[in-house]
Amino acid sequence: MPSATARPALAAALLTTGLLGVGWGAAASPAGAAGGDFQLLDARVAESSGLALSRRHPHTVWTTNDSGDSARLFAVDTRTGRTTGVHQYGAPVRDVEALAITPQGRVLVGDLGDNTTSRSVVRVFWFDEPDLGDTAGGWASWELEYPDGPHDAESLAVDPRSGRVYVVTKGASGAVYALPRVPSRRGVNRLTRVATAPAVATDAVYLADGSALLVRTYTQVVRLDATAFDEVGSAFLPLQRQGETIALAPGGSRLLVGSEGVRSTVRVVDVPSAPAAPTTRATAAPTTPATAAPTTPATGSPTTPTAASATTAPSTSARPGSPPVSARQVVWGASASVGLVAFALLSTWLARRAAGGHR
């Protein structure tokens with residue numbers, strides 16, 4: 001949740017987001033068009049700030065509230081939105097912001113929130129995934145510290161191939177930090193900064209095969225390469241009140257994105273695709289028009305046809321490698337310009353008002 005000192009900037013950002021939404025919100029296809037959207041019907045889930053797909057229970061996700069709640073998780077049926085279990089784990093939580101589940105079925109609760117960037121140590125509580133129904137159990141934890149001072153973070157993700165755990169910070173200059181390969185329950189584990197990350201990240205999840213790390217912000221989901229953490233794709237998300245969560249949908253081929261608020265809706269969206277690998281073409285020896293003979297396609301090693309290879313080559317007037325500009329991109333560009341102008345005007349007004357208040 002934003003601190004009081006950050007509210008003017010957040011207001012400006014949200015206004016900009018709303019203006020930008022004019023351009024892309026209508027163009028985005030409804031997430032429920034193919035089914036799968038659901039509402040968190042339990043009024044106790046007022047600030048869903050973490051979401052994770054169960055490894056034990058079909059059609060089930062776990063969610064947790066933001067700071068201010070006790071140490072508990074809610075199991076929710078993705079077909080109905082009804083709560084099917086509440087697990088009390090009794091830990092001394094401060095600002096829970098993220099959930100993840102390891103390939104071995106260990107629930108990780110990220111107590112990573114730090115709006116004032118004053119926590120020298122944050123924690124990840126963990127325990128085995130519980131049964132459904134009303135349950136209670138113990139916990140263990142890892143204490144974590146950043147190598148470059150405190151950060152606010154709301155994202156926790158586990159690489160399903162290696163089991164390595166990562167934290168993504170939420171700042172304007174976000175970053176990906178790795179926990180030690182084998183975190184210790186004794187002493188403080190020092191995180192390692194491994195890459196930059198999208199700004200204002202509110203949650204993250206790995207694809208089921210570990211091929212990409214998906215980071216969500218208030219407005220979009222960004223696909224990062226799982227090895228170098230380079231951005232390789234992105235997509236805008238449906239407008240939500242305060243987009244906080246992302247998780248794999250049942251089956252693992254799509255995503256769930258959620259928001260804070262009582263009876264908030266969890267939407268089903270597609271995974272942003274990565275660009276197709278470039279294909280090479282055989283180059284024939286130059287010939288003169290008078291002697292040129294019909295040629296047959298060069299043969300080589302067999303390849304699998306792709307959508308990219310089936311398209312016609314761009315005209316010579318187009319810049320090499322530049323994709324065609326769609327109507328949606330034109331609308332988005334215009335909306336972005338309007339949003340940036342509005343942001344600048346609002347920032348100037350806020351600065352003048354603040355200066356006048358200190359006279």
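Before reading further, recall that the structure is shown in the block above.
Notes on the structure in this doc start here. If you're wondering where the values come from, they're calculated on a predicted model, not measured in any experiment. Every chain is numbered on its own, with residues counted from 1 as its sequence reads. Totals for whole chains, interfaces and linings use all residues, but because this is a predicted model, local features are given only for residues with pLDDT of at least 70 and pairs of side-chain atoms are given and counted only at 80 or more. Here the side-chain values reflect all heavy atoms present in the structure, with hydrogen atoms and water set aside.

**Description of the sheet that holds strand S13 (residues 174–178)**
In step 1: Paired strands, as defined in this entry, are two strands with at least two bridges between them according to DSSP. We count a stretch as a helix when DSSP gives it H or I for four or more residues in a row; a strand needs E for two or more, and each element gets its number in order from the N terminus. If you trace the four strands from one edge of the open sheet to the other, you get S11-S12-S13-S15, paired in antiparallel fashion. Two strands in the sheet have a free side with no partner beyond their single neighbour: strand S11 (153–158) and strand S15 (192–197). For this sheet, the mean angle separating the axes of adjacent strands, direction not counted, is 25 degrees.
In step 2: Bridge analysis of S13 against S15 gives five bridges, and the strand direction is antiparallel. From the neighbouring strand, Ala178 faces S15, where its bridge partner is Thr192. Helix axes are fitted to C-alpha atoms over the stretch in contact, other axes to C-alpha atoms as well, and angles between N-to-C directions run from 0 to 180 degrees.

**Side note on the nonpolar core**
In step 1: Residues belong to a common nonpolar core when they are buried Ala, Val, Leu, Ile, Met, Phe, Trp, Tyr or Cys residues joined through side-chain atoms within 4.5 Å. Using a 1.4 Å probe on the protein chains alone, a residue whose accessible area is under 20% of its type maximum counts as buried, one over 50% counts as exposed, and one in between counts as partly exposed. Counting 20 residues, the largest nonpolar core has Leu108, Leu112, Trp142, Leu144, Leu156 and Val167 as its most contacted members.
In step 2: The set of elements that each furnish at least two residues to this core consists of strand S6 (98–101), strand S8 (122–128), strand S10 (140–145), S11, strand S12 (165–169) and S13.
In step 3: Here a residue-residue contact requires only that any non-hydrogen atoms of the pair lie within 4.5 Å. Once residues within four sequence positions are removed from consideration, Leu144 is found in contact with Leu112, Ser120, Val121, Val122, Val124, Val167, Leu179, Val188, Asn189 and Leu191.
In step 4: Grouped together as the second largest cluster of nonpolar side chains are 16 residues, Tyr166, Ala178, Ala201 and Leu224 included.

**Some remarks on the pairing of strand S18 (residues 220–225)**
In step 1: Both strand S17 (residues 212–216) and S18 contribute to a ladder of five bridges, which runs antiparallel. By the bridge assignment for S18, Ala212 is matched with Asp225.
In step 2: Between S17 and S18, which follow one another and run antiparallel, lie three residues.
In step 3: In terms of strand pairing, S18 meets strand S19 (residues 231–236) through five bridges, oriented antiparallel. In the strand pairing of S19, Val222 is matched with Ser234.
In step 4: With antiparallel pairing between neighbouring strands as the criterion, S18 and S19 make up a hairpin whose turn holds five residues, including Phe229 at a positive phi of roughly 65 degrees.

**Some remarks on the pattern of salt bridges**
In step 1: Criterion for a salt bridge: a side-chain nitrogen of Lys or Arg within 4 Å of a carboxyl oxygen of Asp or Glu. Inspection of the entire model under this criterion finds 10 salt bridges.
In step 2: Note that Arg72 and Asp69 form a salt bridge whose closest N and O atoms lie 3.0 Å from each other.
In step 3: Of the charged contacts, one joins Glu145 and Arg190 as a salt bridge, the two residues approaching to 3.4 Å between their closest N and O atoms. Residue Glu145 is found in strand S10, and its partner Arg190 is found in strand S14 (residues 188–190); the two are separated by 45 residues along the sequence.
In step 4: Its relative accessible area of 47% is what places Arg190 among the partly exposed residues.

**What about the pairing of strand S22 (residues 265–270)?**
In step 1: Across two bridges, the pairing between strand S1 (residues 38–39) and S22 is antiparallel. Within S22, the position partnered with Phe38 by the bridge is Val266.
In step 2: Sheet topology note: the strand S21 (residues 254–259)/S22 ladder contains four bridges and is antiparallel. Bridge pairing links Leu255 to Val269 in S22.
In step 3: The hairpin turn running from S21 into S22, its antiparallel successor, is five residues long, and Gly261 in that turn takes a positive phi close to 115 degrees.

It is worth stressing that arrangement in space is one thing and function is another; only the former is reported here.
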